[in-house]
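Close look at the chain arrangement
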Amino acid sequence: MVTCNLQVMKNFFCLTFFILFFNLSFILASGTGEAFVPQTPHLLHLVIQKIKQPVGIQAYQTKKILNYEDSEIGFFELEEKLIYSYPKRLRSEIISDTMTSLTVESDFRFVKIMDGVIVSHDKSLVDLYTDILLYRDHESLLDQLAMAGIDTTKVSFQRYNDTICYVIGRPLEKGKPFSGLWIEKESFLPIKYVVEKNGWMVEFFYNNWQRASKTWYPMQVSIFLDNQLFAMIHVRSFDLKSGFSPVLFDIAHIEQLYPKSDPDPFDENLQQADELDKRIEDFKKLYE
């Protein structure tokens, strides 16, 4: 009887030792690069837990567009006001000496007004950086990444500027640039967003994330087109706000207020209205 009990105890201790050894091996392996990689929905959930979704944000920023054709000035600036009303509603207003611009994005719909005329229902290529800032619930952000052409089934580890990142997306060809979202592993803050669209590879780099209450927002965004610096955004201030009128984001209502543009190739006002899109075309010609 005593021998039987000793054998049972021996087997128990052997099993316990095996389990502890297995767990320790897994932990040590995790510390050498073999760590668990979350699937995209879980990873985006962790991102949203970090940056939070408030009721609303109002931000004031300066958008500096580089002008490679003018060596004396080198750039021009646009002052912009952004109003986020969560979930999934954004209004941008630009007023300059040569134009006024209003864009509204609501539930994946978009409209752009230039000088009192509707000119587009497509989001500008260089304004896609707001995808990460607008869609602050993980399901909507997942949908937006998929619509941007990112392979959301693939998550990996990569080192970017000495920072270990989770990367959502993968290249179609090994070693080639690809659409994706880079998320800092330690902080879960997005630091790089890449989209390929209309023959362009556009890269957005988010820097200097700051916190208001529990909500995080990047104070600097750099925009590259085909590896060339195109624009820099400096956020002067952002505040948590609420109580925005739903009319500000009602695209159907806005479409009733403004006429659609007449695609007249000789209309100089329309040709010169959107300085940002025109600059993209000028930028493209420089590198063709």
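Calculation notes
- Residues numbered from 1 in each chain as written.
- Predicted model: local features only at pLDDT ≥ 70, side-chain atom pairs only at ≥ 80, totals over all residues.
- Heavy atoms only, no water.
- Helix = DSSP H or I, 4+ residues; strand = E, 2+ residues; numbered from the N terminus.
- Buried < 20%, exposed > 50% of the residue type's maximum accessible area, 1.4 Å probe, protein only.
- Contact = heavy atoms within 4.5 Å.
- 1 Å grid on protein atoms, 1.4 Å probe; cavity = no way out; pocket = protein on both sides within 12 Å on 5 of 7 lines; lining within 4 Å.
- Points joined across faces, edges and corners; volume = space filled by probe spheres on them.
- Nonpolar A, V, L, I, M, F, W, Y, C, P; charged D, E, K, R; others polar.
- Salt bridge = Lys/Arg side-chain N within 4 Å of Asp/Glu carboxyl O.
- pLDDT = per-residue confidence, 0-100.
- Expected span 1.5 Å × (residues − 1).
- Phe/Tyr/Trp six-rings, centres within 6.5 Å; stacked < 30°, edge-to-face > 60°.
- Core = buried A, V, L, I, M, F, W, Y, C linked by side-chain atoms within 4.5 Å.
- Arc of directions from axis to C-beta.

The helix and strand inventory of the chain stands at seven helices and 13 strands. Per-residue burial for the chain yields a buried fraction of 42% across its 288 residues. Of all intrachain contacts in the chain linking residues separated by at least 6 positions in sequence, the fraction that spans at least 24 positions is 53%.

To continue, consider empty space enclosed by the protein. It is the rolling of a water-molecule-sized probe over the atoms that shows where space remains empty. Considering all chains together, one arrives at two cavities of 30 Å³ or more under this definition. One number sums up the size of the largest cavity: a volume of about 180 Å³. For the largest cavity, the lining is made up of 21 residues, of which K63, E80, S92, T103 and D127 are closest to its centre. The set of elements that each furnish at least two residues to the lining of the largest cavity consists of β2 (75-85), β3 (89-95), β4 (100-106) and β5 (109-114). Here the lining of the largest cavity gets four residues from one element, more than from any other, and that element is β4. In terms of residue class, the lining of the largest cavity is made up of ten nonpolar, four polar and seven charged.

Counted under the stated rule, the structure contains eleven salt bridges. The closest approach of N and O atoms between R109 and E255, which form a salt bridge, is 3.7 Å. Of this pair, R109 sits in strand β5 while E255 sits in helix α5 (residues 251-257), and the two are 146 residues apart along the sequence. For E255, a relative accessible area of 28% corresponds to the partly exposed category. Linked by salt bridges that have partners in common, K63, E80 and D127 make up one network.

The next thing to look at is unusual backbone geometry. Going from Y86 to P87, the amide bond is cis rather than trans, its omega being 5°. Relative to the helices and strands, P87 is located in the loop between β2 and β3. With phi around 55°, N208 is a residue other than glycine that occupies positive phi space. Structurally, N208 can be placed in strand β11 (residues 200-212). N208 sits in the partly exposed class, given a relative accessible area of 39%.

It is worth spelling out the layout of surface pockets at this point. Looking at the second largest pocket, its volume works out to about 270 Å³. If you trace the second largest pocket, you find 16 residues lining it, with E105, K123, L128, Q144 and K197 closest to the centre. With three residues, strand β10 (residues 190-197) is the single largest residue contributor to the lining of the second largest pocket. Split by residue class, the lining of the second largest pocket holds seven nonpolar, two polar and seven charged.

Per-residue pLDDT for the chain averages 83, and the proportion of residues at 70 or more is 76%. Taken as a whole, residues 17-33 scores under 50 in pLDDT and shows three contacts with residues more than four places along the chain or in a different chain. Low pLDDT (under 50) marks residues 284-288, which in the prediction has five contacts with non-local residues, meaning those over four places away or in another chain.

In this model, helix α2 (residues 40-51) (twelve residues) spans 16 Å end to end at C-alpha, consistent with the 16 Å of a helix rising 1.5 Å per residue. Burial in α2 covers these residues: T40, L43, L44, L46, V47, I48 and I51. Looking one or two residues past α2, K52 carries a phi angle of roughly 65°, positive in sign.

Taken as a whole and judged by the stated rule, the model has twelve aromatic pairs. Residues F108 and Y135 carry aromatic rings whose centres are separated by 4.9 Å and whose planes lie at 5° to one another, so their mutual orientation is stacked. In this pair, F108 sits in the loop between β4 and β5 while Y135 sits in the loop between α3 (131-134) and α4 (138-147), placing the two residues 27 residues apart along the sequence. When its relative accessible area of 34% is taken as the criterion, F108 is described as partly exposed.

A few words on the nonpolar core. Y84, Y129, L145, I168, Y193, Y217 and I223 are the most contacted members of the largest nonpolar core, which totals 53 residues. It is strand β12 (residues 215-225) that provides the largest number of residues to this core, a total of six residues. With ten residues, the next largest nonpolar core counts I118, F244, F249 and I254 among its residues.

Right, let's get into α4. Those residues of α4 that sit buried are S140, L141, Q144 and L145. Along the axis of α4, the buried positions cluster into a sector of 135°, meaning they face one direction only. For α4, the exposed residues lying more than 90 degrees away from the buried face are E139 and M147. Check the buried side of α4 and you find it contacts α2, α3, β8 (163-168), β9 (180-184) and β10. Where α4 ends, the next residue or the one after it, G149, has phi of about 90°, a positive value.

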